[in-house]
Amino acid sequence: MQHAKPLWIKNPLATFDGQHQNSQHITNGIVVENDVIIQCLGAGETPTVQNHDVFDASQHVLTPGLVNTHHHFYQTLTRACPPALNKKLFPWLQTLYPIWAGLQPEQHAVATELAMVELLLSGCTTVSDHHYLFPQALSHAIDTQVTVAKSLGMRATFTRGSMSLGQDQGGLPPQSVVQSEQTILEDSERLIKTYHQKDDLIEIALAPCSPFSVTTSLMQDSATLAKQYNVNLHTHLAETEDENRFCLNMFGMRPLDYLESVGWMHDRTWLAHGIHFNDDEIKRLGQANVGITHCPSSNMVLASGICRINELKAAGVRLGLGVDGSASNDHSNLMQEIRQALLIQRLRYEADEFTHEDALQLATSGSASVLNRHDIGILAVGKKADLALYKLDEPRFSGSHDPLAALVLCGAYKADAVMINGQWKVKQGEWLGGDIQKLMKTHSQAASRIYKRL
Ligand code: ZN
């Protein structure tokens with residue numbers, strides 16, 4: 001339920017507004033009314049509305065609700081899966097495709113719910129899922145996800161993924177998980193018409209999976225359809241050197257040249273990973289105002305490489321953060337992913353060249369910009385009331401001095417309170433929307449079934 005009266009999130013211990021370090025203009029907190037922020041209070045300021053409730057945030061660090069820009073929810077069913085352990089991307093995918101091919105609708109639904117609740121508990125309020133697996137039984141996979149998101153009340157961009165280049169045509173996935181281009185495009189159009197921006201919470205984007213699993217004509221036609229309906233485009237790109245070699249062999253060009261050749265170099269596009277770009281390619285990405293999702297944990301697990309965040313940022317690329325699928329992370333904790341971003345980028349840059357605020361910015365206003373959303377990821381008047389509040393009351397924080405730095409450096413992983421669209425979804429660290437133990441039981445049973453099927 002939305003708060004009947006305006007709510008003063010009062011005097012937070014520290015605040016990050018999504019853009020600025022030590023956000024002084026919010027020292028005394030914010031006021032929320034219905035689904036938006038109506039006031040940001042500096043030192044000594046109080047709400048101008050008289051009749052309001054109060055949430056005492058004096059023990060909390062306040063941030064915008066975190067925004068996750070890349071995931072594959074169904075992969076929560078194949079975390080730490082023995083045959084796929086310790087493999088790099090291509091053999092890892094080839095091992096998992098046959099397992100994923102057996103995905104059933106009820107397994108997909110519970111995987112979606114578990115992943116979304118896991119993200120929520122970490123302070124994430126907007127999710128984006130890249131679902132590209134449509135075996136015979138799962139033709140309405142995105143409809144299932146929208147139903148789950150609506151029941152949870154989470155903000156979501158569901159990307160209609162696709163694979164059309166099977167092994168028979170020189171692609172990576174088996175034929176059992178690819179669809180015809182006509183089927184994909186018709187379903188894409190249906191989903192846009194049915195769900196895109198019909199309310200505040202749900203958006204649809206189009207997401208052919210990767211150069212090694214999608215036909216050239218589908219890449220082109222998806223871009224045309226996205227332009228027609230003004231929806232975003234998403235895909236994996238420049239994740240590994242193997243992908244570079246595949247593109248050179250298959251198309252006679254590097255991945256970014258291929259992307260340009262199919263009409264994707266513009267501000268409607270965002271890419272997952274974006275690791276293996278050269279200097280000239282980075283410049284072109286910036287000029288085209290493309291977005292990139294940094295996925296540090298996945299890049300480390302699959303030994304894919306390190307995204308060149310600072311060069312991309314300097315070139316003008318929009319940058320956000322994503323946990324990536326749960327078979328290559330293998331968690332869906334966006335707060336922990338912020339710490340991973342800090343740590344992996346410190347291996348590439350000097351200690352003062354990528355800060356904890358830079359990492360927090362990636363997961364808030366950065367991620368919002370990647371999704372072309374201007375109403376979330378920032379604490380400011382008129383923005384959506386999507387909030388995450390963290391307590392520093394565990395041994396890992398004891399003795400810390402800078403509360404904001406402590407969130408990242410001491411390893412926060414659990415929000416104490418989370419609000420989406422003006423409604424509390426988490427209080428005192430507990431999910432308010434259902435029974436987490438019951439959900440985990442159903443989910444783990446589904447995971448057992450999909451793995452044992454082989
Ligand atoms: Zn991915």
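Here goes a summary of the coordinates provided.

Cut-off values and rules
- Residues numbered from 1 in each chain as written.
- Predicted model: local features only at pLDDT ≥ 70, side-chain atom pairs only at ≥ 80, totals over all residues.
- Heavy atoms only, no water.
- Helix = DSSP H or I, 4+ residues; strand = E, 2+ residues; numbered from the N terminus.
- Polar contact = N/O pair within 3.5 Å; in protein donor to acceptor, adjacent residues only side chain to side chain.
- Axes fitted to C-alpha atoms, helices over the stretch in contact; angles between N-to-C directions.
- Parallel < 35°, antiparallel > 145°, perpendicular 65-115°, else oblique.
- Left-handed = near helix turned anticlockwise from the far one by under 90°.
- Contact = heavy atoms within 4.5 Å.
- Phe/Tyr/Trp six-rings, centres within 6.5 Å; stacked < 30°, edge-to-face > 60°.
- Buried < 20%, exposed > 50% of the residue type's maximum accessible area, 1.4 Å probe, protein only.
- Lys NZ or Arg CZ within 6 Å of the ring centre and 35° of its normal.
- Donors = N, O, S within 2.8 Å, 3.2 Å for Na, K, Ca; no water.
- Tetrahedral: all angles 85-135°; square planar, octahedral: opposite > 155°, others 65-115°.

Time to look at the side chain of Arg-160. With respect to the secondary-structure elements, Arg-160 resides in strand 9 (residues 155–162). Polar contacts involving the side chain of Arg-160 include one to the side chain of Asp-187, which spans 3.0 Å.

Another point: the packing of helix 2 (residues 105–121) against helix 14 (residues 436–452). Running from amino to carboxyl end, helix 2 crosses helix 14 at an angle of 135°, the nearest separation of the two axes being 9 Å. Relative to helix 14, the element helix 2 is oriented oblique. Helix-helix and strand crossings are classified by hand; for helix 2 and helix 14 the assignment is left-handed. Taking contact as the criterion, the partners of Glu-106, Gln-107, Val-110, Ala-111, Glu-113, Leu-114, Val-117 and Leu-121 in helix 2 are, on helix 14, Ile-436, Leu-439, Met-440, Thr-442, His-443, Ala-446, Arg-449 and Ile-450.

This part takes up the packing of aromatic side chains. Counting across every chain of the model gives nine aromatic pairs. Between Phe-55 and Trp-424, the aromatic rings sit 5.0 Å apart at their centres with planes inclined by 35°, giving tilted as the arrangement. Highlighted residues: Phe-55 in strand 5 (residues 53–56) and Trp-424 in strand 17 (residues 423–427), separated in sequence by 369 residues. No difference in accessibility class separates Phe-55 from Trp-424, as the two residues are buried. Here the aromatic rings of Phe-212 and Phe-246 are separated by 6.2 Å at their centres, their planes lie at 80°, and the arrangement is edge-to-face. Within this pair, whereas Phe-212 is found in the loop between strand 10 (202–208) and helix 5 (216–229), its partner Phe-246 is found in helix 6 (residues 241–251), the two being separated by 34 residues in sequence. Across the pair, Phe-246 and Phe-212 agree in class, each one buried. The ring centre of Phe-134 lies 3.7 Å from the NZ or CZ of Arg-160, which sits over that ring.

What follows concerns the coordination of the zinc ion. For the zinc ion, the protein coordination sphere consists of His-70 (NE2), His-72 (NE2), His-236 (NE2) and Asp-324 (OD), at 2.1 to 2.4 Å. Given four donor atoms and angles of 89 to 172° at the metal, the environment of the zinc ion is assigned as irregular. Between consecutive donor residues of the zinc ion, the sequence gaps follow H-x1-H-x163-H-x87-D. Of this pair, His-72 sits in the loop between strand 7 (66–67) and helix 1 (89–100) while Asp-324 sits in the loop between strand 14 (318–321) and helix 11 (334–348), and the two are 252 residues apart along the sequence. One exposure class covers both His-72 and Asp-324, and it is buried.

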